[in-house]
Structure formats: structure tokens, C-alpha cells
Amino acid sequence: MKHRQGLAAALLFCVMCTPVLMGAAAEPEPETQDGETAQVETPPQPALYPIDIVYSENDTAWHLEKVYQLDASADPSVIPTENFEQEGREYVFLDLLAEDQRETDTKEHTQQITQESSTKDTETVLKNLAPTLEYAGEDGYMGVLTLDTASVKVEASGYGSRNKNVTATRTYPNLADADTSYIPKTVEENGCTMELVDVSWQTAAAEEVSGQSVATRYTAVASYAGTKTSRYVKGYVVTADYVGNVSRTTNNSILYTALFSAVKEQEPEKGNLSYGALIGIPVAALAGGAGTAAGITGWRKYKRKKGIK
């Protein structure tokens, strides 16, 4: 009947089983003042112990399972598979079974990026965006995200201003007198306010008085000047979303089970001669073969019971 031993039994067995030491990189040996190589003791490496030990038995053998949990990248050859003796029984290694326990968590993720652009032309902006983005989050999720072209937005990143000197000319005909009071002091043109800077007068009509021509009407030509301020876009900022599935490994281990078996001695049935006696072979010479055959038979029954192929 299969049963699990307590922690004390597991620790006792760990002490009795053969430890496997991990390999260490070789380092140059230091030299003494006399030029001789000094002896340096290599520190002991940690041994590999099972996380669980399971005992069971049937009519022909005792069975023992040593369970180890290793990282998926670890080499399973570090697991001890040497035969050993316990409680007067010699346990022989039969097989090493592996159970993959790796688990992956996947979710959908959206990552927004921001970058500068010198233009707001959509075609040019899309050419400057990478089609995919590699994601590696601090939470362990990793994956490749794809550009969502519908999410791309272009906005002005800032504005500047520039000043420009502008001028305008206005003509005011048929004035009764050459007086600047008839002339507007400011005018508006294209949203810019300009001030009067100069006026020139022309005679529009004249009369003969005492043999002299006297102006009776005037035309004014007025000059205006001002400064026009305009705004311009300094640059653009582009925002875009990258969407896709990312995943992380929540359990990256493999469970290894080392199977061992110790054969039980079989008592011959009374009244039947042994096969060795019938053919003249000493019974002692058959002991090893009988033990091996019984071990194979027990292992086959054990495999059928455990459902192992």
C-alpha cells in the first residue's frame, strides 16, 4: 500500500542518499612568496535534495520515488540516479520521469508612444512610425505589439511669432482745404492697424483771382505704416497606440521523479524442485538472475498500477 512518510523520514533519507554537487569554474591557484603553488581548499557546493519521497510496495518489490523540482533550463543529469542501500535493501534505479509544470499568463496590452515630427502630413508621419514595438514590462510581461493606425494623432507642439513691417497708401480727393484734420490718423488692412506717417497735397481745382490761380479743392495722398505680427507652428507631436498580447511565465519548473526498486526475496514452493536443480545448475548461481527477473516483473506490475508507459 502506497503511503507518504513524514518530514523526519524525508530528512533521514536525504542524509542517506548520495548528494550530487554542481560543477564550479576552475580558478588559477595563487602562488606563495617562494614561487610555489599554494593549496586552496574548494568550498563545498550545495547538494541537490528531493522535495518529496514516496514509498510503496507490492508482492515482489519495494518501490521508492524521489521527487525533484528544477528550473526548466536546468540539466536533469544533476539528479542522483545511483543505486543505494537503505534498511538492508538495495534499491536499483529504474527510470526518471518528467512532468512539465510551466505556466504562462497572457493578456492584451496597449502601449502609447509619443514622438516629435516636423510635419503634420499623415502619410509622412506613418512612414516615420515603426510597424511593431517590442514590449518588456517591469511586471514580467513580454511580447510584440502592432501599430494601431487609427489611433495616430498629430498636434502642434508649440507656436512662435514673427513681426513684419507693412505700409499702405490712401488717396482722399476733393478736400476743401489742405488740412490734416480731414485725414484719418489710422487705417486697418488685413487685420493690421497702421498709423499715418506722411501726407502730400495736390490741387484738385483752382479759380482765377486778381490774375492769380487760387486752389479751391485739394487731393490728399496719405502714407501709413505699421507692424504685422503673425504666428507659426514650431513643430508637431505624434501620439500612437501599439496593441497586442503579452505574456509572462508564472511557473518555470519541471517536476522530475526518480524511480527506484528493491526486490523482495521469493520463497520456493514446497514439493517443487528448483529449475536449477533440474538442469544441474547450483541454486546460488541463479540468485542474481532470479532477483533481476523478479525486479523486472515487479517493475512491470508497478508501471501498470501507476499508468506509466
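Let me sum up the structure you'll find in this document. (Residues numbered from 1 in each chain as written. Predicted model: local features only at pLDDT ≥ 70, side-chain atom pairs only at ≥ 80, totals over all residues. Heavy atoms only, no water.)

Moving on to the side chain of His-63. Mapped onto the elements, His-63 comes out in strand E3 (residues 61-71). In terms of polar contacts, His-63 uses its side chain to reach the side chain of Asn-58, at 3.2 Å. (Helix = DSSP H or I, 4+ residues; strand = E, 2+ residues; numbered from the N terminus. Polar contact = N/O pair within 3.5 Å; in protein donor to acceptor, adjacent residues only side chain to side chain.)

Two elements, strand E6 (residues 103-117) and strand E11 (residues 212-251), share 15 bridges in a ladder whose sense is antiparallel. Paired with Glu-108 across the bridge in E11 is Asn-245. With 24 bridges connecting them, strand E8 (residues 142-175) and E11 associate as antiparallel partners. Pairing of Ser-161 across the sheet is with Arg-231, part of E11. Across 13 bridges, strand E10 (residues 192-209) lies against E11 in antiparallel orientation. Bridge pairing in E11 places Thr-203 opposite Tyr-218. Counting the residues that bridge the hairpin from E10 to E11 gives 2 residues, and of these Ser-210 lies at a positive phi of roughly 55 degrees. (Pairing = 2+ DSSP bridges.)

With that settled, consider the side chain of Thr-257. Relative to the elements of secondary structure, Thr-257 occurs in strand E12 (residues 253-263). For Thr-257, a relative accessible area of 15% corresponds to the buried category. (Buried < 20%, exposed > 50% of the residue type's maximum accessible area, 1.4 Å probe, protein only.)

Functional significance is not addressed by these values, which are geometric in nature.
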